[in-house]
Amino acid sequence: MPEDTPLFDERAVPERRPGDMGNDPSGHRKRLRKRLLDGGLEALADHEVIELLLTQAVARRDMKPLARSLLQRFGSLAGVLQANPRTLSAHPGMGEATTVALQLVRVAATRMAREKVREAPIISSWQALIDYLTIDMAHLTVERVRVLYLNARNMLVLDDLVGEGSIDEAAIHPREVIRRALDIGATALILVHNHPSGSPNPSRADIEITNRIAEAGRLLGITVHDHVIIGREGHVSLKAKGLI
């Protein structure tokens, strides 16, 4: 028998009679829902948020032990919600439906943050950009390199995933980055990558490749506004540190 039942599969849930809470005779889930609706953002502890999300996928099972084990393994609520889907589904007690229930939160949060980034010039809505990048990249277990291409009004034109791996010329080619900008009519760009180690402090390679791209851009009228490094411990702007 699978660990969980299909998400929203009504056939998997027996018809309930009035007052029937399945394996929740104490009304625990009902109280969690009421606390959330009445109390708002801080009404539930992190393990209770995960527990309530899991109950949306599995109607008749105590989800508190699973929620606590996920928090213990991944370290935080953000760590659980941003965990790799395959890793999540392989966790003891998890399955497809419970993994989907958690991943939906990440998808929704990322799309909301991305919409805010697209609505205004990036330079004048910097915190919205950092929020988006943090949600999307802070808990990745592999290093990814992205280039955000901007138009003359500093509006986002393209969010381009360049590749995975260490940020050197094997992963990102200065000429290709600038050529891409010219092809799509971008006038500026922001480099972004994450550090799976958690610390966003730049390496020598980070600084060197940034300056190579900036120099290539200057020759063709493409401005490199910044290079942002994202980690679980925060973010670093190479421009703010005077490294560009």
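Just above, that's the structure.
Residues numbered from 1 in each chain as written. Predicted model: local features only at pLDDT ≥ 70, side-chain atom pairs only at ≥ 80, totals over all residues. Heavy atoms only, no water.

### Some details on helix α9 (residues 204–219)
Alright, step 1. Taking 1.5 Å of rise per residue, the 16 residues of α9 would be expected to cover 22 Å, and the 23 Å separating its terminal C-alpha atoms lies within 8% of that figure.
Alright, step 2. Listed as buried for α9 are Asp206, Ile209, Thr210, Ile213, Ala214 and Gly217. For α9, the arc enclosing every buried residue in end-on projection is 140 degrees, short of the 170-degree limit, so these residues lie on one face. Those residues of α9 that are exposed and aimed more than 90 degrees away from the buried face are Arg204, Arg218 and Leu219.
Alright, step 3. Just downstream of α9, Gly221 is the residue with a positive phi angle, here 80 degrees. (Helix = DSSP H or I, 4+ residues; strand = E, 2+ residues; numbered from the N terminus. Expected span 1.5 Å × (residues − 1). Buried < 20%, exposed > 50% of the residue type's maximum accessible area, 1.4 Å probe, protein only. Arc of directions from axis to C-beta.)

### Side note on the packing of helix α2 (residues 46–55) against helix α6 (residues 96–119)
Alright, step 1. Between α2 and α6, whose axes approach to 8 Å, the crossing angle comes to 120 degrees. By the angle between their directions, the pair α2 and α6 is classed as oblique. Here α2 runs over α6; the crossing is right-handed. Residue-level inspection shows Ile50, Leu53 and Leu54 of α2 in contact with α6, the latter providing Thr98, Ala101, Leu102 and Val105.
Alright, step 2. Residue classes in the contact of α2 with α6 are distributed as six nonpolar, one polar and no charged. (Axes fitted to C-alpha atoms, helices over the stretch in contact; angles between N-to-C directions. Parallel < 35°, antiparallel > 145°, perpendicular 65-115°, else oblique. Left-handed = near helix turned anticlockwise from the far one by under 90°. Contact = heavy atoms within 4.5 Å. Nonpolar A, V, L, I, M, F, W, Y, C, P; charged D, E, K, R; others polar.)

### A few points about the pairing of strand β5 (residues 234–237)
Alright, step 1. Pairing of strand β4 (residues 223–231) with β5, which is carried by four bridges, proceeds in the antiparallel orientation. Residue Gly231 lies in a different strand from β5, and its bridge partner there is Gly234.
Alright, step 2. With antiparallel pairing between neighbouring strands as the criterion, β4 and β5 make up a hairpin whose turn holds two residues. (Pairing = 2+ DSSP bridges.)

### Thoughts on helix α7 (residues 126–137)
Alright, step 1. When the terminal C-alpha atoms of α7 are compared, their 16 Å separation across 12 residues agrees well with the 16 Å that a helix rising 1.5 Å per residue should span.
Alright, step 2. Residues of α7 that are buried include every one of Ala128, Leu129, Ile130, Tyr132, Leu133, Asp136 and Met137, and no others.
Alright, step 3. Elements in contact with the buried residues of α7: α6, β1 (144–150), β2 (156–164), β3 (188–194), β4 and β5.

### Things to note about the packing of α2 against helix α3 (residues 64–74)
Alright, step 1. Two elements in contact, α2 and α3, have axes whose closest approach is 8 Å; the angle formed by their N-to-C orientations is 125 degrees. Put simply, α2 runs oblique to α3. In this structure, α2 crosses over α3, and the sense of that crossing is right-handed. Of the residues in α3, those in contact with Asp46, His47, Ile50, Glu51 and Leu54 of α2 are Lys64, Leu66, Ala67, Arg68, Leu70 and Leu71.

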